[in-house]
Amino acid sequence: MYWDKDIETLNGGKLAELQLSRLQETLRRAAASPFYGERLQQARLAAENLTSLEDFRRLPLTTKDELRSRGREMLTLPLTEMVRLHASSGTTGQATVIYYTRQDIATWADLVARSMYMAGLRPADVFQNMMGYGLFTGGLGFHYGAERLGALTIPAGAGNSSRQLQLMQQFGTSAMHIIPSYALYLLNTFAQKGLDPRELPLRIAFLGAEPHSEDMRRRIEAAYGLKAYNSYGLSEMNGPGVAFECPEQNGMHVWEDSYLLEVLDPQTLEPAPPGQVGELVFTNLTRQGMPLLRYRTRDLASYDPEPCPCGRGFRRISRIQGRTDDMVIVKGVNIFPLQIDKVLMAMPEVGTHYLVELTRQDFNDVMLVKVEVQQSFFREDLKYLNQLRKRITEALKSELLVTPLVELVEPNTLPRSEGKVQRLSDKRQ
Ligand code: ADP
Ligand code: ZN
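Residues numbered from 1 in each chain as written. Chains lettered and ligands numbered in written order. Predicted model: local features only at pLDDT ≥ 70, side-chain atom pairs only at ≥ 80, totals over all residues. Heavy atoms only, no water.

### Notes on the overall build of the protein
Thought 1: Within the protein one finds eleven helices and 21 strands.
Thought 2: Counting only C-alpha atoms and orienting by the principal axes, one finds that the protein spans roughly 75 × 55 × 40 Å.
Thought 3: In the protein, buried positions account for 55% of the 429 residues.
Thought 4: Contacts in the protein between residues far apart in sequence, at least 24 positions, make up 66% of those at least 6 positions apart.
Thought 5: Here the protein displays about 18500 Å² of accessible surface, and carbon together with sulfur accounts for 50% of that area.
Thought 6: Across the protein, the centroid of the 50 positively charged side chains sits 1 Å from that of the 51 negatively charged ones. (Helix = DSSP H or I, 4+ residues; strand = E, 2+ residues; numbered from the N terminus. Buried < 20%, exposed > 50% of the residue type's maximum accessible area, 1.4 Å probe, protein only. Contact = heavy atoms within 4.5 Å. Areas by Shrake-Rupley, 256 points an atom, 1.4 Å probe, with all protein chains shown as cover. Lys, Arg positive; Asp, Glu negative; His and termini not counted. Charge placed at Lys NZ, Arg CZ, Asp CG, Glu CD.)

### Section: the coordination of the zinc ion (ligand 2)
Thought 1: Distances from the zinc ion (ligand 2) to its protein donors, C246 (SG), H253 (NE2), C308 (SG) and C310 (SG), fall at 2.1 to 2.3 Å.
Thought 2: Taken together, the four donor atoms coordinating the zinc ion (ligand 2) and their angles of 102 to 117° define a geometry best described as tetrahedral.
Thought 3: Mapped onto the sequence, the residues coordinating the zinc ion (ligand 2) show the spacing C-x6-H-x54-C-x1-C. Highlighted residues: C246 in the loop between β8 (239-245) and β9 (252-254) and C308 in the loop between β13 (303-304) and β14 (316-317), separated in sequence by 62 residues. (Donors = N, O, S within 2.8 Å, 3.2 Å for Na, K, Ca; no water. Tetrahedral: all angles 85-135°; square planar, octahedral: opposite > 155°, others 65-115°.)

### A closer look at the environment of R287
Thought 1: Residue placement: R287 occurs in the loop between β11 (278-284) and β12 (295-301).
Thought 2: For R287, a relative accessible area of 2% gives the class buried.
Thought 3: Counting along the chain gives 140 residues from R287 to E147, while the straight-line C-alpha distance between them is 21 Å.
Thought 4: For R287, the contacting residues outside a window of four places in its chain are R29, I98, D104, S235, E236, M237, N238 and L292.
Thought 5: Side chain to side chain, R287 and N238 meet in a polar contact 2.8 Å long. (Polar contact = N/O pair within 3.5 Å; in protein donor to acceptor, adjacent residues only side chain to side chain.)

### A word on the pattern of salt bridges
Thought 1: Scanning the entire structure with this criterion turns up 31 salt bridges.
Thought 2: For the salt bridge of D125 with R203, the shortest nitrogen-to-oxygen distance reads 2.7 Å. Within this pair, whereas D125 is found in the loop between α5 (102-118) and β3 (126-129), its partner R203 is found in the loop between α8 (180-192) and β6 (204-208), the two being separated by 78 residues in sequence.
Thought 3: One connected set of salt bridges, linked through shared partners, spans E214, R217, R218, E221, E245 and R319. (Salt bridge = Lys/Arg side-chain N within 4 Å of Asp/Glu carboxyl O.)

### Some points on the side chain of D104
Thought 1: With respect to the helices and strands, the residue D104 is situated in helix α5.
Thought 2: Salt bridges are absent for the buried D104, whose nearest opposite-charge side chain, R287, sits at 5.2 Å.
Thought 3: Apart from residues no more than four positions distant in its own chain, D104 is found in contact with Y99, T286, R287, Q288, G289 and M290.

### A few points about helix α2 (residues 12-30)
One turn of an α-helix holds 3.6 residues; hence residues three or four places apart share an orientation.
Thought 1: With 19 residues, α2 extends 26 Å from end C-alpha to end C-alpha; this agrees with the ideal 27 Å at 1.5 Å per step.
Thought 2: Residues L15, Q19, L20, L23, T26, L27 and A30 constitute the buried set of α2. Projection of α2 onto a plane perpendicular to its axis shows the buried side chains occupying an angular sector of 135°, all on one side. What points out from α2, more than 90 degrees from its buried face, is the exposed set G13, K14 and E17. (Expected span 1.5 Å × (residues − 1). Arc of directions from axis to C-beta.)

### Section: the sheet that holds strand β4 (residues 152-154)
Thought 1: Taken together, the nine strands give an open sheet; going across it, the order is β4-β3-β5-β6-β7-β8-β9-β14-β13, and neighbouring strands pair in mixed fashion. At either margin of the open sheet sits one strand with a lone partner, and together these are β4 and β13.
Thought 2: The pairing of strand β5 (residues 175-178) with β6 spans four bridges and is classified as parallel. The partner of M176 across the bridge, within β6, is A205.
Thought 3: Packing of α5 onto the sheet brings it into contact with β3, β6, β8 and β9, and relative to β8 it is tilted by some 30°.
Thought 4: Taken strand by strand, helix α7 (residues 161-171) contacts β3, β4 and β5, and its axis lies near 170° from that of β3. (Pairing = 2+ DSSP bridges. Axes fitted to C-alpha atoms, helices over the stretch in contact; angles between N-to-C directions.)

### Re the packing of α5 against helix α6 (residues 137-149)
Thought 1: α6 packs onto α5 with a crossing angle of 75° between their chain directions and a minimal axis gap of 7 Å. The orientation of α5 with respect to α6, classified from their angle, is roughly perpendicular. Contacts between α5 and α6 pair I105, W108, A109, D110, V112, A113, M116 and Y117 from the former with T137, G141, F142, Y144, G145, A146, R148 and L149 from the latter.
Thought 2: Looking at the contact of α5 with α6 residue by residue, the class counts come to eleven nonpolar, three polar and two charged. (Parallel < 35°, antiparallel > 145°, perpendicular 65-115°, else oblique. Nonpolar A, V, L, I, M, F, W, Y, C, P; charged D, E, K, R; others polar.)

### Points about the nonpolar core
Thought 1: Core analysis: the largest hydrophobic core is formed by 71 residues, its most contacted members being F206, Y232 and I317.
Thought 2: By residue number, the principal contributor to this core is α5, which donates eight residues.
Thought 3: Beyond its immediate sequence surroundings of up to four residues, F206 is in contact with M116, A119, L121, F127, F142, M176, H177, I178, Y229 and F244.
Thought 4: By size, the runner-up hydrophobic cluster in this structure holds 48 residues, among which are L226, M347, Y354 and L385. (Core = buried A, V, L, I, M, F, W, Y, C linked by side-chain atoms within 4.5 Å.)

### What about helix α3 (residues 34-42)?
Thought 1: For α3, every residue scored as buried is listed here: F35, Y36, G37, R39 and L40.
Thought 2: Residues of α3 that are buried make contact with α2 and α4 (64-70).
Thought 3: A positive phi of about 50° marks R44, the residue just after α3.

### Re the sheet that holds strand β19 (residues 364-373)
Thought 1: In spatial order, the strands read β20-β19-β18-β21; together these four strands make up an open sheet with mixed pairing. Both edges of this open sheet fall to β20 (405-409) and β21 (424-426), since each of them pairs with a single strand only. Each adjacent strand pair in this sheet contributes to an overall mean axis angle of 15°, direction not counted.
Thought 2: Judged from the nine bridges that link them, strand β18 (residues 350-361) and β19 form a sheet pairing that is antiparallel. Each bridged residue has a counterpart across the sheet, and for L355 the counterpart in β19 is K370.

Set out below in structure tokens:
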């Protein structure tokens, strides 16, 4: 049940001890990079005088902008030692680049293998990786992890829905890695072909790369007849395999032997107490070529320090509630896109896709929510559709405290994007 029992069951003092020694090791390495060399000196921090994890908080946070403009100065070894680079998809601006040594690739693959093993993947499984291969870490990250674990790995890549189905049927895919919005979308292809995904040997799905609600997970589980596990990571911390759900499906264990976790109030930058949503800040504890120290992810989540029934000692984080930079202010109210997802996915009449558009009319914010209706609920009955529209409007209003305009559309008519879904467009500028 454990990939690495000694490590995974560490907790309390033993874990802190390991973290401290790995942090010292990391500081020693980071000091060789121009960027951190200078920064550590300014903070008067060195491996030798670091006696507690609290000391480390004297070091200023590393921001995405710094990574973007000075990333190359964070390398601890010459570029010739690096064997790969990945760049973030640049959801919010210019891409950031991360370099890996051979050892870094191996360490990362092992963390991903550990994650998948925890969720139940075994060497006898057939694993279809439906994430984009390339600069994005989701594809290659899982690929190396699954091979390390020993599962038969199908590098299907993103998109091409008919082909995905064909591969599943031909090779008896039992586990898949898929973006949640695409998992819902793919159901349409199954329906078109008159196939029921529940009749396939699929038993596990790894869902990652974008925020999704608990209801969305349950929908995917029911439609495919499998267990779906939340997978979190970001290229700055290697990629997938930073935090992952165990069979309890109740929060994601952060691999704290490799990533030092802090949850900070984004305003005060003070540590947030358990259960309170804050910004995730990570420090690499096992990366050689480009360790990042106190990196501000902009991702928002809370943590739970309670022991988990699965026996793992690592703390769990909640679902990612959004990013500090994807919050929008509508009519003076703060709104995260995930709130909209939560409301819509809980309603069985809502189909597999929706889009939100923000505009300004006569100095007023207008929020338009276009919602696809589920095929089995769709009918040319104006009275029925009107009532449904009203119910959706009410449900959104009570969650968001803002009244949106809701427009119902036929199933499969809203435009889709490949890769991470961008559901909200702000056209108010
Ligand atoms: P970016 O999207 O910033 O270009 P990445 O491809 O590295 O860069 O994606 C990492 C980001 O994706 C994370 O910082 C987080 O915002 C989001 N993400 C990854 N996994 C999840 C998940 N399971 N739930 C919610 N968000 C996720
Ligand atoms: Zn657990």
